[in-house]
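Coordinates in review
Now for the letters of each chain:
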Amino acid sequence: MAEETADEPVAVYEPSKKINVISKEAVHQICSGQVVLDLAVAIKELVENSLDSGATYVDIKLVDYGQTCITVSDNGSGVLETDFEGLGLKHHTSKLRDFSDIFGISTFGFRGEALSSLCSLSDLSITTRHSTVPHAFKLHFNKNGNLTKKEICAREVGTTVSVRNIFKSLPVRAKEFQRNIKKEFTKALQVLYGYCLVSTGIKITCSNSKDGKTSVVVSTTGSDDVLINAFSVFGKKSLKGIERIDLVQPDEAVLQDFNLPEDISVNFSWEFYSSSCEHRMGCASPNRQFFYINGRPCLLTKINKLINHVYHKYNNKQYPFIYLNLKLPQETADVNVTPDKRTIFLTQEKVILAVVKMSLQQKWNKMQGNYTSLSLDEIQNSLKRSLPMSPVDRPPSKKQMVSVNKSEEKETSVAVTRGDDSNRCHVFPTEKLPDIDMEINFKSIKAAVELKRRRREQRRNEDVEIKYRAEIDAKSADAERELQKGLTTESFAKMKIIGQFNLGFIIAQLDGDLFIIDQHATDEKYRFEKLSNETKLKTQKLIAPKSLNFTSLNETIVMENQNLFDANGFTLSITPDAQPGQRVHLTGMPVSGNWQFGEEDLEELIFLIREGGTEGIKDQTILRPSRVRSMLASRACRGAVMIGKALNTSEMRRLITQMGMIKNPWNCPHGRPTIRHLLSLKLLRKIHD
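Residues numbered from 1 in each chain as written. Predicted model: local features only at pLDDT ≥ 70, side-chain atom pairs only at ≥ 80, totals over all residues. Heavy atoms only, no water.

1. Some words on the sheet that holds strand β13 (residues 322-327)
Quick reminder of the rule: Strand pairing is defined by DSSP finding a minimum of two bridges between the two strands. By the criteria applied, helices consist of DSSP H or I runs no shorter than four residues and strands consist of E runs no shorter than two, each listed in order from the N terminus. Think of each axis as a best-fit line through the C-alpha atoms, taken over the contacting stretch in the case of a helix, with angles from 0 to 180 degrees between the N-to-C directions.
The strand order β9-β10-β13-β11-β12 describes an open sheet built from five strands, whose pairing is mixed. The open sheet is flanked by β9 (242-244) and β12 (296-298), the only strands paired with a single partner. Each strand of the sheet is rotated relative to its neighbour by a mean of 20°, with strand direction disregarded. Sheet analysis places strand β11 (residues 289-293) next to β13, joined by five bridges and oriented parallel. Across the sheet, the residue bridging to Ile293 is Leu326, located in β13.

2. Details of helix α19 (residues 626-639)
What counts, and what does not: For a helix, the expected span equals 1.5 Å multiplied by the residue count minus one. The criterion used for residue contact is that any of the two residues' heavy atoms lie within 4.5 Å.
A rise of 1.5 Å per residue sets the reference length of α19, with its 14 residues, at 20 Å; its end C-alpha atoms lie 20 Å apart and thus fit the reference within 8%. For α19, the elements touching its buried residues are α15 (519-534), β23 (584-592) and β24 (595-596).

3. A look at the packing of helix α9 (residues 301-314) against helix α10 (residues 349-364)
We apply this condition: Roughly parallel covers angles under 35 degrees, roughly antiparallel covers those over 145, roughly perpendicular covers 65 to 115, and oblique covers all other angles. With the far helix as reference, a near helix turned anticlockwise by less than a right angle produces a left-handed crossing, and one turned clockwise produces a right-handed crossing.
Where α9 contacts α10, the axes come no closer than 10 Å and their chain directions differ by 20°. The orientation of α9 relative to α10 falls into the category roughly parallel. In this structure, α9 crosses over α10, and the sense of that crossing is right-handed. Between α9 and α10, the contacting residues are Lys302, Ile303, Leu306, Ile307, Val310, Tyr311 and Tyr314 on the first element and Glu349, Ile352, Leu353, Val356, Lys357, Leu360, Gln361 and Trp364 on the second.

4. Description of the sheet that holds strand β1 (residues 57-63)
Taken in spatial order, the eight strands of this open sheet run β5-β4-β3-β6-β2-β1-β7-β8, and their pairing is mixed. Edge positions in the sheet fall to β5 (147-153) and β8 (213-219), since each of these pairs with one other strand and no more. Each strand axis lies, on average, 15° off the axis of its neighbour in the sheet, ignoring direction. Inspection of the sheet shows β1 paired to strand β2 (residues 69-74) by six bridges, in the antiparallel sense. By the bridge assignment for β2, Val63 is matched with Cys69.

5. Some details on a nonpolar patch on the surface
Threshold: Note that patches include only residues with greater than 30% relative accessible area and no salt bridge, and the join distances are 9 Å for like charges and 5 Å for nonpolar side chains (Val, Leu, Ile, Met, Phe, Trp, Tyr). To be clear on the numbers: accessible area is Shrake-Rupley with a 1.4 Å probe, and residue cover counts the displayed protein chains and nothing else. By definition, a salt bridge exists where a carboxyl oxygen of Asp or Glu is found within 4 Å of a side-chain nitrogen of Lys or Arg.
Taken together, Ile440, Ile445 and Val449 make up a surface patch of nonpolar side chains, about 320 Å² in accessible area. Mapped onto the elements of the fold, Ile445 is located in helix α12 (residues 442-461).

6. Quick word on the side chain of Thr160
Put simply, the rule reads: In the analysis that follows, any N or O atom pair within 3.5 Å is treated as a polar contact, provided that within protein one partner can donate a hydrogen and the other can accept it, and provided that, for residues neighboring in sequence, both atoms belong to side chains.
You can see Thr160 is positioned in strand β6 (residues 158-164). A polar contact is formed between the side chain of Thr160 and the side chain of Ser73, at a distance of 3.1 Å. Here Arg155 takes part through its side chain, which lies 3.0 Å from a polar atom of the side chain of Thr160. Residues within four places of Thr160 in sequence aside, it is in contact with Thr71, Val72, Ser73, Ser125, Ile126, Thr127 and Arg155.

Purely geometric stuff here, so don't read any function into it on its own.
Okay, structure coming up:
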């Protein structure tokens, strides 16, 4: 009884902790990290403040990709001296007075959180001059957003906000930001592109300074045309094949797809541009798709997915350029959903989806052939063919007579074979299996269960470690994952060679495991990595330099990684002082035998670098476009040890040792596995015992 009482839970009579209010300073620090999540949000908030001030010129300057300093300057209205105290305080704004105002808000910002959050996360200073004041003021704020210092300085009308050492109060986020600085920078530029396109009549520039060198990454001309802004941001080629999409009322079939009534009214308009669905008119990736609600950049996931889905019916190899600015009544959109205000709820989302689908289909249907829909029965009937009957296939003139002797103990199976001149009947006797009486009782079942339990216990006590469980014909990823865990670069040197199998595979042993190695695939992979790291393609000089019309970002990538382009055979002439889009000229193209390369390979290499590929340069890995990789893989394949060649022990040892010298020895460049686990010798001994 005492034991049962000891096992029962014991009540705790300690007083509960008092519920206290969190201090304002702690709340400020907690919420600030939720408002400004990354570099992209920081730049977005500052640019939106400039646009809301009526600026016609916005200049963003970054130092070390924004890690050291972010400066946003504009020629807007400036800030009155009476509003200085509230600039850095939470929920202080000039754009909203009451909650009801949010349903008619026309500015980008309205919560009054951005500058306050930046005060908490960084060192913030503001230089501003209002048009009614003859001089400017430089303001300094502490982490709580309080104004600590004000001094007079010189500046034209407008505002400059400087953010230094962003995320200094959040060490984990600061470390993550520093580690992924290039990706964060690319993400921030992608967000900035959205404002560059939609901000007609406003000149926006962005530059980055690194090691004392400043490069312009994006610059618009302040045009009133969206397409000219796209030309300034993405280059001349971006306008090729772009078409205006007119708004079309959905028909009955499209309305049924979205369960909409036939009497719906479309009370919105749009400005919609998209790539043509013709081949090579689209983009290689979906990173040039921009959506807006009343000029506010946002994420419209369902609409984005629908447009790509319709586009891929006509062109499944590319993605369209998209610029869609929906002009909706203010009361039909809720922008106060997420801290970054990029997620928007729409009351008539289905109607918009139906109109988008109908408009795109009508625009692109001319590219699709005319097809007649058939039922399944019609398709099956159309596939039936009546062939002329040959003499061999004609039925015999006389009935086939088959006589079979039946017996009580045997059954027979009959097979009829047609020949050229006679019909033969073969009778195969099949012996009937005798019936067996099986005795089943509780004692035999108990004995079988006990035997199984003893065997399981015996296996548990035996020290047999199974490292590799994936079968040879299993998924390649599963097998590679096991090999990466079980084998190191030193493991290949320790392998014992058993011999060669079928003149194509090497059998090797490491401890208690046998491995099978493809002699051709492993030698091909070694040669491929060596060629990829050491080959410098020859260059064919062009008669005259060719202007590439790259975007400012792509020009910056070329200037910072010119050695990579030289290694791939692209020679480029760079003029840093020229206008953006005219700073890089192509002077030479790579050549190698019958392989021809073009600007597409150059653009692919820029894309690989932009996605963070330059991190691999530290271990002497040279980035290669896919066609260059294919050429090197073909060259490595021809020079590798072939299947069918007999190898001696020293040759097999050389191939296995090479595997420990390459970065990724699990598959050849064409995807063929180089090594797989064959079996565990410990399991064989266990079965034998």
